[in-house]
Amino acid sequence: LQGALPAGVQSMLSTAFARAKTDGRLLRLRVRDVDGDVVWSDDNSGLSEAAAGTEDDEVQEALSGDVVSRLTRLNADADDAGPPGPKVVEVYRPITADPDGTGVAAAPLGVLEMYVPYAPIEADVTAGLRHMYEVLALGLALLWLALALISVSTTKRLRRQSDRLAYLAHYDDDFGVLNRVGFTGEMAERLASAPARPPAVALVNVQVAQLLQRRVF
């Protein structure tokens, strides 16, 4: 591309841009030639850049074959007229051709400068983040519930084991009677709570060690 575009090409660009703008896909469209000068703009903005001799780094990168994009606002460039507009994604895409049909594009013929509305992208990102947070919150709630159930189950099991150990510490497991430790403790409590002049007390001590081995009972 070099110089002004033919009237037919300008008409096709205007029609295509009007359709894209109506659909909310574009807010501004410019075409730059191999020198980086604006040769067509939907609103005639940027046409003064050639006279002013301004050069954008993004344009030079696009002319080298790269696609460049950045988040900005409409009319945020120094040479733009009017107040800053909504958030947009400013895209610089090289215009290439494959005249030989080999599938290998030749050097860029120019640059397509597009301003894509950021609001739909932002809404989609926000919706995606909200969904992710909801899933994360649900996952954390399920994890907390699982940990709570595990904690309750473990606590009950430990309590049963503790009660069992406390029982075995004072009672014989085979006969369910007090063992030596339990008997000594029980007697100490009875004697401590006995009146100053207790009545006669009889104590019978039976050794059952042999009986346990022979399983007499």
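Q: I tried to follow the pairing of strand β2 (residues 38-41) on my own but got confused; where do I start?
A: Of the pairings in the sheet, the one linking strand β1 (residues 28-32) to β2 comprises three bridges and is antiparallel in character. Paired with Arg30 across the two strands is Ser41, which belongs to β2. Counted along the chain from β1 to the antiparallel partner β2, the turn is five residues long, and its residue Gly36 has a positive phi close to 85°.

Q: Teacher, can you tell me more about the side chain of Glu58 here?
A: Along the polypeptide, Glu58 turns up in helix α3 (residues 57-63). On the basis of relative accessibility, which here comes to 18%, the residue Glu58 falls in the buried class. At 3.2 Å, the side chain of Glu58 forms a polar contact with the side chain of Arg70.

Q: What am I meant to see in the sheet that holds strand β3 (residues 68-73) here?
A: Pairing between the strands of a sheet comes from backbone hydrogen bonds, and it takes one of two forms, parallel or antiparallel. Strand order in this open sheet of five strands is β2-β1-β5-β4-β3, and the pairing throughout is antiparallel. Of all strands in the sheet, those with a lone pairing partner are β2 and β3, marking the two edges. Averaged over all adjacent pairs, the angle separating strand axes in this sheet is 20°, with direction ignored. Relative to strand β5 (residues 110-117), strand β4 (residues 87-95) runs antiparallel, the two sharing eight bridges. When the sheet's bridge partners are listed, Ile95 is paired in β5 with Gly110. Along the sheet face, helix α1 (residues 7-22) touches β1 and β2 and points at about 50° away from the line of β2.

Q: What is the right way to read the nonpolar core from this model?
A: One broad rule of soluble globular proteins: the nonpolar side chains tend to lie buried together. Judged by nonpolar contacts, the single largest core of 13 residues is most densely connected at Leu5, Val31 and Trp40. Residue assignment for this core shows that the elements contributing at least two residues are α1, β1, β2 and β4. Not counting residues up to four positions away in its chain, the partners in contact with Leu5 are Gln10, Leu13, Val31, Val39 and Trp40. Counting nine residues, the second largest nonpolar core, distinct from the first, contains Ala62, Val68, Tyr92 and Val111.

Q: Would you take a moment to explain the pattern of salt bridges for this structure?
A: Charged atoms that come close allow side chains of opposite charge to pair. Applying the stated criterion to the full structure yields seven salt bridges. Note that Glu113 is salt-bridged to Arg30, the shortest N-O span being 3.1 Å. Here Glu113, found in strand β5, pairs with Arg30, found in strand β1; they are 83 residues apart in sequence, far enough to count as distant. Classification of Arg30 by relative accessible area gives buried; the value is 0%. Connected via shared salt-bridge partners are Arg30, Arg32 and Glu113.

Q: Looking at this structure, I do not really get the packing of aromatic side chains. What am I missing?
A: Each aromatic ring pair is summarised here by two numbers: the centre-to-centre distance and the angle between the ring planes. Tallied over the full model, the rule gives one aromatic pair. A ring pair is formed by Tyr167 and Tyr171, whose centres lie 5.0 Å apart and whose planes are at 10°; its orientation type is stacked. On the basis of relative accessibility, which here comes to 33%, the residue Tyr171 falls in the partly exposed class. Here the guanidinium or amino end of Arg28 rests over the ring plane of Tyr115, the centre of that ring lying 5.6 Å away.

Reading the values: rules and limits
- The residue numbers shown here count from 1 along each chain, following its written sequence.
- With pLDDT at 70 or above as the cut-off, local features in this predicted model cover only qualifying residues; side-chain atom pairs require 80 or more to be listed or tallied, and sums for whole chains, interfaces and linings still use all residues.
- Side-chain descriptors were evaluated using all non-hydrogen atoms of the structure, hydrogens and water having been removed beforehand.
- A pair of strands is treated as paired once DSSP finds two or more bridges between them.
- Numbering of helices and strands runs from the N terminus; a helix is a DSSP stretch of H or I covering at least four residues, while a strand is a stretch of E covering at least two.
- Exposure is judged per residue with a 1.4 Å probe applied to protein chains only, and the accessible area is read against the type maximum: over 50% gives exposed, under 20% gives buried, and values in between give partly exposed.
- We call two N or O atoms a polar contact when they sit within 3.5 Å, provided that within protein one can donate a hydrogen and the other can accept it, with sequence-adjacent residues counted only if both atoms are side-chain atoms.
- Orientation is described by lines fitted to C-alpha atoms, with helices fitted over the stretch in contact, and by angles between N-to-C directions that extend from 0 to 180 degrees.
- Between two residues, a contact is recorded if the distance between any of their heavy atoms is within 4.5 Å.
- By nonpolar core we mean a set of buried residues, namely Ala, Val, Leu, Ile, Met, Phe, Trp, Tyr and Cys, connected to one another through side-chain atoms within 4.5 Å.
- What counts as a salt bridge is simple: a side-chain nitrogen of Lys or Arg found within 4 Å of a carboxyl oxygen of Asp or Glu.
- Stacked, edge-to-face and tilted labels apply to pairs of Phe, Tyr and Trp rings (six-membered ring for Trp) whose centres lie within 6.5 Å, assigned for plane angles under 30 degrees, over 60, and everything in between, in that order.
- Two thresholds decide whether a charge sits over a ring: the Lys NZ or Arg CZ must be within 6 Å of the ring centre and within 35 degrees of the ring normal.

Read these as geometric descriptors, not functional statements.
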